[in-house]
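# An overview of the molecular structure
Residues per chain, in single letters:
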Amino acid sequence: MDSSLAVVLSLVITVNPVAVCWSNGPTPVEKKQLRVAVFAFLSSCLFGLGALAGGIFDLLEISSPTFRLGAALVIGLSCGKWLVAPKFAPIRGNSNGDSLHIILHMLSPGPVFAAIAGGGDAGILPLLLACTILLFTLGVATLVTVANINIRDAALRLFGGSGIVLAVIIGIDAARTV
């Protein structure tokens, strides 16, 4: 698989826009605007972490393929939870709690490892493209409202299964080069 495509897919799948954006009820416009601002900030943070990949690899004294192998395991485990248990109960109440949930989700190990592995393997420009596509996907998912919980669970499981398949592909590719 092309490393640029792997970066885009791993970031979008591990963040899982369905889990972050599709709430159980209607979302007010102000909350949607706040979410988009938070998404922009967090996408920039993921880009920054990926841009520092070379320094992180030097600090850990490992190569890019070795880190990718470990990242494949983290991505697979991170996405596996959506396949096994798609029920999702975000923090409800004020928008600060919702923003905190989004921050904790997007800066969890899965997306962070995907960004660092992508930045170290593909480079800065594909990582920038991946973060831009991630931000666009999150923005579109924020605008879409899904009332049927079964559709939401099916979409969560689709992202979970896709993430596991992607992790296996990344892991096999990394193992070949280690």
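Above this text sits the structure in question.
Not measured: the values here are computed from a predicted model.

This brings us to the environment of C21. Among the secondary structure elements, C21 is positioned in helix 2 (residues 17-21). Among the residues examined, C21 registers a relative accessible area of 2% and is labelled buried. For C21 and L107, which are 86 residues apart along the polypeptide, the C-alpha to C-alpha distance reads 15 Å. Setting aside chain neighbours within four positions, we find C21 in contact with R35, F39, L138, A141 and T142.

Turning our eyes to something else, we now look at the packing of aromatic side chains. Per the counting criterion, the structure on display carries two aromatic pairs. Pairing F57 with F67 gives two aromatic rings, centres 5.1 Å apart and planes at 50 degrees, and the pair type is tilted. Pair noted here: F57 is in helix 4 (residues 53-60) and F67 is in helix 5 (residues 64-84), with a separation of ten residues, a long-range link. Both residues of the pair, F57 and F67, belong to the buried class. Where F67 meets F113, the ring centres are 5.3 Å apart and the plane angle is 15 degrees; that geometry is what we call stacked.

This part covers the pattern of salt bridges. Applying the stated criterion across every chain yields a total of two salt bridges. The closest approach of N and O atoms between R68 and D121, which form a salt bridge, is 3.9 Å. One end of the pair, R68, is in helix 5; the other, D121, is in helix 7 (residues 109-121), with 53 residues separating them in the sequence. We classify R68 as buried; its relative accessible area is 7%. Look at D121 and you get partly exposed, because its relative accessible area is 31%. Note that R68 is salt-bridged to D173, the shortest N-O span being 2.7 Å.

Attention now moves to the packing of helix 5 against helix 7. The contact between helix 5 and helix 7 brings their axes to 9 Å, and the two run at 155 degrees. Here helix 7 runs roughly antiparallel to helix 5, going by the angle between their axes. In the crossing of helix 5 with helix 7, the sense of the turn from one axis to the other is left-handed. Along its contact with helix 5, which presents S64, F67, R68, A71, V74, I75 and S78, the element helix 7 presents P109, G110, F113, A114, I116, A117, G120 and D121. Partitioning the contact of helix 5 with helix 7 into residue classes produces nine nonpolar, four polar and two charged.

On to the nonpolar core, then. Membership of the largest hydrophobic core comes to 44 residues, with the highest contact counts inside it found for L11, L46 and M106. With residues up to four places along the chain from it excluded, the contact list for L46 reads L11, V15, M106, L107, P111, V112, A115, C131 and L134.

Turning next to helix 1 (residues 3-15). An α-helical turn contains 3.6 residues, so any two residues separated by three or four positions project in the same direction. The end-to-end C-alpha distance of helix 1 is 18 Å, a good match for the 18 Å that 13 residues give at a rise of 1.5 Å each. Here helix 1 has its buried residues at A6, V7, V8, S10, L11, V12, I13, T14 and V15. In the segment just after helix 1, N16 is the residue with positive phi, at about 55 degrees.

Attention now goes to the packing of helix 1 against helix 9 (residues 149-177). One way to put it is that helix 1 packs onto helix 9 with a least axis distance of 10 Å and a crossing angle of 145 degrees. The handedness of the crossing between helix 1 and helix 9 is left-handed. Contact with helix 1, carried on its side by A6, L9, S10, V12 and I13, involves F159, S162, G163, L166 and I170 of helix 9 and no other residues of that element. In the contact of helix 1 with helix 9, the residues fall into seven nonpolar, three polar and no charged.

Thresholds applied
- Residues numbered from 1 in each chain as written.
- Predicted model: local features only at pLDDT ≥ 70, side-chain atom pairs only at ≥ 80, totals over all residues.
- Heavy atoms only, no water.
- Helix = DSSP H or I, 4+ residues; strand = E, 2+ residues; numbered from the N terminus.
- Buried < 20%, exposed > 50% of the residue type's maximum accessible area, 1.4 Å probe, protein only.
- Contact = heavy atoms within 4.5 Å.
- Phe/Tyr/Trp six-rings, centres within 6.5 Å; stacked < 30°, edge-to-face > 60°.
- Salt bridge = Lys/Arg side-chain N within 4 Å of Asp/Glu carboxyl O.
- Axes fitted to C-alpha atoms, helices over the stretch in contact; angles between N-to-C directions.
- Parallel < 35°, antiparallel > 145°, perpendicular 65-115°, else oblique.
- Left-handed = near helix turned anticlockwise from the far one by under 90°.
- Nonpolar A, V, L, I, M, F, W, Y, C, P; charged D, E, K, R; others polar.
- Core = buried A, V, L, I, M, F, W, Y, C linked by side-chain atoms within 4.5 Å.
- Expected span 1.5 Å × (residues − 1).

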